[in-house]
Structure formats: C-alpha cells, structure tokens
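# Structural description and commentary
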Amino acid sequence: MSVPSNPTRRERWTLYAVAATVAAVVLAPLAAPGYALLYDMVFVPRQPLSWQLVAPADSLPRAVPMDAVVSLVTQLVPGWLLQRLVLGGAVVFAAVGAGYLVPTDRRATRVVAAVGYAWTPYLAERLLIGQWGLLLAYAALPWIVRAALGVRAGRAGALPRLVLAAAPATITPTGGLLAFAAVALLVPGRERRRSSVLALGALLVLNAPWLVAALVTGAGGTSDPAGVGAFAARAENWAGPLAALAGTGGIWSAQATPGSRSGSLVPLATLVLLVVAGVGAGPLRRRLPAGVAPRLGVLAGAGLLLAALGVLPGTADALRWAVLHVPGAGLLRDGQKFLAGYALPLVLCAALGVERLVARWDRDLAAMVLAGAALLPVAVMPDLALGGAGRVRPVSYPTEWRVVAALTADDPGVVLALPLSAYRAYPWNSDRVVLDPLPRYLSAEVLTDDTLRVGDVTVAGENRRIRELRRLLRDGRPVAGTGVRWVVVQHGSGSVDPAWLAGLEMVHDGPFLTLYRDPAAPPAWRAGPPGPARWAVVVALAGALLVVGFAALSALRRRPTAW
C-alpha cells in the first residue's frame, strides 16, 4: 500500500508561494493594525484564563477548548498577532495541504487543487461569519487525511504526524468530530489493528476537553428546536439550497455570504464543477491506495447529508425531535459546518478531472489551461478578496474598555452586560455585528444573553442564570440584590430601563460604556469554588496537551519528512 507521493522541492516552493499569495489577497485588510471583529470572530489584547472560558458551568461548551487555548497563548502573544497567525495559517495550510494530497506528478494540478480548496464558498462563508476555529479544522483536514493514509500504510512516524495534524481541528467540537470521522474511516484495516486503536484513542483524548465539559455542564445537553429552521442551509440563488450545498456554500446567514453567490450563473458553474469532478473520480480511485477513494466518498456523502438535514423532506422534523430530546444533537443544527468533509474530495476530484481532460493536449497548452482552471474559483467568487470585499477589517477597541477592565479587576465580582444581547453592532466597529467581546476582554465572570435572533426566529439559550435575570428584568425589577457586582451598559446596542439600575452607583460614564456597581453585593461573589466537574475538564485538557507534546517530541526525533 502507498500514499500520495511527496511533492518535489520545486513543487513545494510553488505551493507555498501560491498559498501565501492567496492568503495575502484574502486577508489584505489585516495589514492594518487592530482587531477584525465580525460575528463569532472575537479577539482581545490579552484574553484572561477564567473558569467560565475553560469549563463553562452554565452553557454548552461550544468554544471548548478553543477559549482556553487562546487564553494560554495570549499570555505570550498579543491577540492582534494571534488573529493574523490563525487566519493566515488557515488559508496557507488549507491550500498547501490540498496541493500535497492530490495524487499527481504535475505541478499545475497541485496548484489547481491548492487554489480550489483555499477559495471555496465554504471558506469564504465561515470567514465572514467569524468561525476561525472551523477554518483551522478545514485547513487541517487534508493533512489529517494524508497522515491517516500514512498510518494505514504503516509508514514510520505517521501516527505522531496524525496527532499533530488533528490537534488544530479539535479545538472546536465540530472540528473534532470531523477529524475523528476522517481517522475512523481511513485508518482502520486488518493489518494495522494496533495502529488503528492508537490513532482512534489519540483522537478521543484530543476531543476529551469538550466531551467532558459537555458531560459536566449545568446547561443540559439539549437545545431549542427552533434552531433547526434558523440554521438550516439556505438558497443563495434561484437553484435552491441543495445546489448551494453542492457548490460548498449554503450557510444559513445571508450576511455571511459573498454577494457573488447570488449570481444567476453560479448554479451553472457548480454544475461544471460537479461534471469535472466526476471526470476526476476515476483517476483519484486508481491513484490512491485500494479502498481509500470509497472511504473518502463516504466522508463526502456524510458531510453533504448532514449539511442537508435541515432542508430534506422528513429529516428536518427528525432533527428537531433529536435536538429537543437527544443530548448533543444540537451540534447538527448548523449542519453546513460539516460540508468540509465534502469539499476536500470534491476539490481533489476536480483537479484531477481538469488534468484528465487536458491529458492529450500539448503539454505547454495543457499547463496554460490548468493555470486558467486555478483562477476559475477566483473569477466565480471575486469578492472573497480583500477580506470579503472589506468586511474583515480591523478596528481598535475604545480606550474606555481598558478603564472598565481595570476597575472590575480591582474589585472582583460578577459582571452583567446590558442590554441583554448575544451580538452587538458597535459604532466604533462600523456597526458590524459581533459576538459581545466583554466576556473575553474582562478578567471577571461576565453574564451575557445567549438567546439568538435569526431574522424573525428567536432561538432560546441554555443558561439558567441568564434566563432568571431575563425574567427579572422583564418584570421591571432592579439588578441590585441579585449577587451581580457590576453592570456594564453598552451604548448603541439597545435600550436599558432605568428601573433595572435602581440602587446601583455609577463608577464610569463614557461615550460607549457606562459602568455601575452594586455596593451591597459581595466583592468576590461567585457560585462557589471550582468543583470536581471543572477539574475534570482541566485534566482532560492537560491530557490532550500531553498527547500533542508527546507527538511533537516523537516527530522531532525522527528524520525530517516533507510536509
């Protein structure tokens, strides 16, 4: 059994040059200073390491262990630099990984795969909705597949490389599931049972932080079934949601979709892509080790099916029931996230399809056609360039954010963010919607609303404490006396009833933030000391870090391998 051959040195330099160019074009606005704040993309100067970020006690662990990792890294690296490293690395390694993985001896085909995988609607839409953790999983997937094939073939040092490739994906639950599914499909074989067990065991350890956090959280494991319709795949043009998914698009948010995806000719481009991919399916099957191509097909089919659950006849009702009754099924509400497992085989087949179509042409002419094919994704979706036509653009936090952070740090206590809203549009952020940064900016525990509003649909959150506070505020009662030490009113994001602030003293009043303190609240009030449940998450996180560290040491001890 063999795995796709390593690119030559010249091919590697070409791939990295192409990938760096793509990253520079896509992320050009990040050359300016500041933080790009857009939907779920929240970076702060130095994210504190708090229990609520490591092991949330009252909400589902959607950002576990991602928040803990960011908190650890930003103790050494400023947040603005980390954001650029993460986003730039995601684009570069997505492109290079696809170029390495495609089984070919033609440099131009590798470039087609590299650009095709780094310029997909999936990457564009997840970038514009700010889910950088999923971008890391998307970028890691080709490397995971390549390392898994090495483990399957019994190649020396492949298992440590698999662990290192999977580690970035497992910082989010969805990425962890994608990585585990790829390994479970590609590694097992009759001849490599021990390697299979070790690989799957390592992936379980890497996924353990969010799995343990989900088991011990007080939020429960079920979600509001209204989210199934709200987060279902969406039509981007006249062809409907299934056609959007076939082209690796279809995210639920219209605001996170490049405008070019609404074009009337986009479905035709998708059809051409599918036909070319069909032409390349045969070469992919013949060039990969026996039995691998069908398993990649299963990965692609499963990703496409999960993405379509919310819109297929009959499956939406079943998904609503599961989300309401089956713990953890809420992960499937935004099924389009799993489309990464479909995008990679699609791009590999398409690159080989173009190569097959020009195989009998003059080599120079074929190279020109392949170069043109590499630019087609850019021509079809040009508005991914320059940060999604300017949507990913850095800004600076107002100076009073530092003032509020210092005041709340000097007098510890729970902070309530008002008005109650999970997402906010700040005037200093050009009114772009972003997840409230306060929980990551302040060192104190911050209570924010977890109710989501998607169009006319309201999706209830799981945090019981917020639910009680919302009921109290709805009745016009004051925050004073609830145990909350601080209240931060964020201007421009809704109205605040003066009755809610009765009995509080104003400590800071600025153009963007007003800070109040409840003098009667205990200064260091909290629900209690960290219990065994939270320490279990810490143990799981430490275990995952140890596995990654051991894999890194093992890889360094071996002879260098071309990556």
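Note that the structure is predicted; figures quoted are calculated from it, not measured. (Residues numbered from 1 in each chain as written. Predicted model: local features only at pLDDT ≥ 70, side-chain atom pairs only at ≥ 80, totals over all residues. Heavy atoms only, no water.)

## Some points on the sheet that holds strand β6 (residues 446-447)
Let me state the cut-off plainly: The criterion for strand pairing is that DSSP finds at least two bridges linking the strands in question. Helix and strand assignments come from DSSP, with helices taken as H or I runs of at least 4 residues and strands as E runs of at least 2, each series counted from the N terminus.
As summarised here, the arrangement of the five strands in space is β6-β3-β9-β11-β10, forming an open sheet in which the pairing is mixed. The open sheet has two edge strands with one neighbour each: β6 and β10 (505-509). Where β10 and strand β11 (residues 513-517) come together, four bridges link them in antiparallel fashion. Opposite His508, over in β11, you have Leu515 as the bridge partner.

## Some details on the confidence of the model for the protein chain
For the record, the criterion: pLDDT measures how confident the predictor is about each residue, on a scale from 0 to 100. Whether two residues touch is decided by their heavy atoms; if any such pair falls within 4.5 Å, the residues are in contact.
When pLDDT is averaged along the protein chain, the result is 92, and 97% of the positions lie at 70 or above. Confidence drops under pLDDT 50 across residues 525-529; counting only partners more than four residues distant or on other chains, this segment forms three contacts.

## Concerning the pattern of salt bridges
Formally: Basic side-chain nitrogens of Lys or Arg form a salt bridge, by our definition, when they fall within 4 Å of a carboxyl oxygen of Asp or Glu. Burial here depends on accessible area, computed with a 1.4 Å probe over protein chains only, as a share of the maximum for the residue type. Under 20% is buried, over 50% is exposed, and the range in between is partly exposed.
Across all of its chains, the model carries 14 salt bridges by this definition. Between Arg261 and Glu236 there is a salt bridge, with the nearest N and O atoms lying 2.8 Å from each other. In this pair, Arg261 sits in the loop between α12 (241-246) and α13 (266-287) while Glu236 sits in the loop between α11 (226-230) and α12, placing the two residues 25 residues apart along the sequence. Both residues of the pair, Arg261 and Glu236, belong to the buried class. Between Asp449 and Arg470 there is a salt bridge; the shortest N-O distance is 2.5 Å. Of this pair, Asp449 sits in the loop between β6 and β7 (452-454) while Arg470 sits in helix α21 (residues 464-474), placing them 21 residues apart in sequence. For Asp449, a relative accessible area of 3% corresponds to the buried category. Taken together, the salt bridges that share partners define one network made up of Asp411, Arg485, Glu505 and Arg517.

## Comments concerning the environment of Asp105
In this structure, Asp105 sits in the loop between α4 (79-101) and α5 (107-118). Along the backbone, Asp105 and Ser495 are 390 residues apart, and their C-alpha atoms lie at a distance of 62 Å.

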